[in-house]
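A closer look at the structure
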Amino acid sequence: MAIDSAWTEARIAALGEFWRQGLSTAEIGRRLGVSKNAVVGKAHRLELVARPSPIKLRPAPAIATAAPVPLPTPELRRPVATPTPVRLVRSQSKGPSCQWPDGHPGQPDFHFCGEPAAPGKPYCAAHAARAYVSGKSRSDAA
Ligand SMILES: [Zn+2]
């Protein structure tokens, strides 16, 4: 091969030196005035120890893609401010509530008790007790 004839002892020595220095085959070829393939082929024939290419000198570390765990923000743990004042009379729309009339019908202050009704009764526990103690006339009208 014509190329091999270019490999003098000096060039082979230089090749080995450049190889140990970790120069790329292209760079070695440039310095020795031969093609990259010639460098690769000669190095192979010389059985130069394999060396990591410059690209592989710093392999990408195992990518730890674990995203940082988001910490709960203090805002989320802050108690929710009450936007409206607490109503003294409970809402009649939430579940059964005591229907015990308080006051006189027709009067401005007339209202139903509104306390949570006892299970199976139209009144709260206290008013249910009063209703059934005071007689059946009120609750058994029907
Ligand atoms: Zn009641």
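Right, let's walk through the structure included here. By convention here, each chain's residues receive numbers from 1 onward along its written sequence. pLDDT decides what is reported in this predicted model: residues at 70 or higher carry local features, side-chain atom pairs at 80 or more are listed and counted, and totals for whole chains, interfaces and linings draw on all residues regardless.

1. Concerning the overall build of the protein chain
Comment: elements are numbered from the N terminus, with helices defined as DSSP H or I runs of at least four residues and strands as E runs of at least two. Counting its secondary structure elements, the protein chain contains 6 helices and 2 strands. For the protein chain, the sequential pattern of α-helices and β-strands runs α-α-α-α-α-β-β-α. When burial is assessed residue by residue, the protein chain has 13% of its 142 residues classed as buried. For the purpose of contact definition, each residue receives a C-beta atom placed from its backbone, and two residues are in contact when these atoms lie within 7 Å. Taking the contacts inside the protein chain whose residues are at least 6 apart along the sequence as the reference set, 28% of them involve residues at least 24 apart. With C-beta atoms placed from the backbone, a residue is buried if 20 or more other C-beta atoms are within 10 Å of its own, exposed if 12 or fewer are, and partly exposed between those counts.

2. Things to note about the nonpolar core
The term nonpolar core refers to a group of buried residues, namely Ala, Val, Leu, Ile, Met, Phe, Trp, Tyr and Cys, whose C-beta atoms join them within 7 Å. Of all hydrophobic cores here, the largest spans 7 residues; its members are L15, F18, I28, L32, A38, V39 and A43. Contributing elements (two or more residues each) for this core: α2 (9-21), α3 (25-32) and α4 (36-45). Broken down by element, this core gets its largest block of residues, 3 residues, from α4. Once residues within four sequence positions are removed from consideration, V39 is found in contact with L15, T25, I28, G29, L32 and V34. Counting residues in each nonpolar core, the second largest holds 6 residues, with C98, W100, Y123 and A131 among its members.

3. Focus: the packing of α3 against α4
Put simply, α3 and α4 touch, their axes get as near as 7 Å, and they point 105° apart. Taken together, α3 and α4 sit at an angle that is classed as roughly perpendicular. Where α3 abuts α4, its residues T25, A26, I28, G29 and L32 lie against K36, A38, V39 and V40. Axis definition: a line fitted to C-alpha atoms, limited for helices to the stretch in contact. Angles are taken between N-to-C directions and run from 0 to 180 degrees. Here the angle decides the label: under 35 degrees means roughly parallel, over 145 means roughly antiparallel, 65 to 115 means roughly perpendicular, and every other value means oblique.

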